[in-house]
Amino acid sequence: MNKTQFIASLAPHFNGSKKEAAHAVEIIFDSITRNIQKGEDVTINDFGKFKKVDRKARKGRNPFTGETIQIKASKKPRFLPAKGLKEVISGDRKLGPAPKPAAPVVAKPAAKKAAKKAAPKKAAKKSAKKAAPKKAAKKASKGKKRK
C-alpha cells in the first residue's frame, strides 16, 4: 500500500473527503518526523516506536574494488514494532473488526430549498448583464487584431 492508497482507505472515515484524509496523514507524518528529528522517541501503543539512532564512524569495503573506505558517522530513523503488532503479524493474535466509518451528517434541506429558488433569478439577471459587455469587448479586440 502506498500513500495514495492509504489516504483512499481513510477517506470513508472523513465523510468521503480525500482532502481531509490527506491532511490528517500529512499532520501525523509531519509530527512523527519533527519529533524524531529533535531526538524524541514516538511511541504508539500496540503499534511500535520510532526513534533516532546514532551510528558510529566505521570502516567498510567498496564492493567493486575491494578497497577499504571510511564511512562517516550518521543519524538514522529506526522503527521497533510493538509486541501487539508482532503478535498480529505472526498470527498469534487476531485483529478485531475494522472500525466502521462515521455516519454522514445530513443537513436540513428545507432552508436550502428556499434559498435556491430565490438565488437563480438574481444570478441569471446579473450574468446576462455581465455577459453583454464582455462579448462586445471580445468582438472589438478581435477586430483590432485582424487589421
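Read on for an overview of the structure. These numbers come from a predicted model, not from an experiment.

The next subject is the packing of helix H1 (residues 3-10) against helix H2 (residues 18-38). For the pair H1 and H2, interaxial distance at closest approach is 8 Å and the crossing angle is 120°. Between H1 and H2, the interaxial angle falls into the category oblique. Taken as a pair, H1 and H2 cross one another with a handedness that is right-handed. Along its contact with H1, which presents Lys3, Phe6, Ile7, Ala8 and Leu10, the element H2 presents Lys18, Ala21, Ala22, Val25, Glu26 and Phe29. Considered class by class, the residues forming the contact of H1 with H2 number 8 nonpolar, no polar and 3 charged.

Here strand E1 (residues 42-44) runs beside strand E2 (residues 48-55); their pairing, made up of 3 bridges, is antiparallel. Note on E2: the bridge partner recorded for Val42 is Phe50. In textbook terms, the turn of a hairpin is the stretch between consecutive antiparallel strands, and for E1 and E2 this stretch comprises 3 residues, one of which, Asp46, has a positive phi near 60°. Of the strand pairs in this sheet, E2 and strand E5 (residues 74-81) are connected by 8 bridges, and their pairing is antiparallel.

Reading guide: rules and limits
- Residues numbered from 1 in each chain as written.
- Predicted model: local features only at pLDDT ≥ 70, side-chain atom pairs only at ≥ 80, totals over all residues.
- Heavy atoms only, no water.
- Axes fitted to C-alpha atoms, helices over the stretch in contact; angles between N-to-C directions.
- Helix = DSSP H or I, 4+ residues; strand = E, 2+ residues; numbered from the N terminus.
- Parallel < 35°, antiparallel > 145°, perpendicular 65-115°, else oblique.
- Left-handed = near helix turned anticlockwise from the far one by under 90°.
- Contact = heavy atoms within 4.5 Å.
- Nonpolar A, V, L, I, M, F, W, Y, C, P; charged D, E, K, R; others polar.
- Pairing = 2+ DSSP bridges.

So, to be careful, I would describe these as geometric facts and stop short of saying anything about function.
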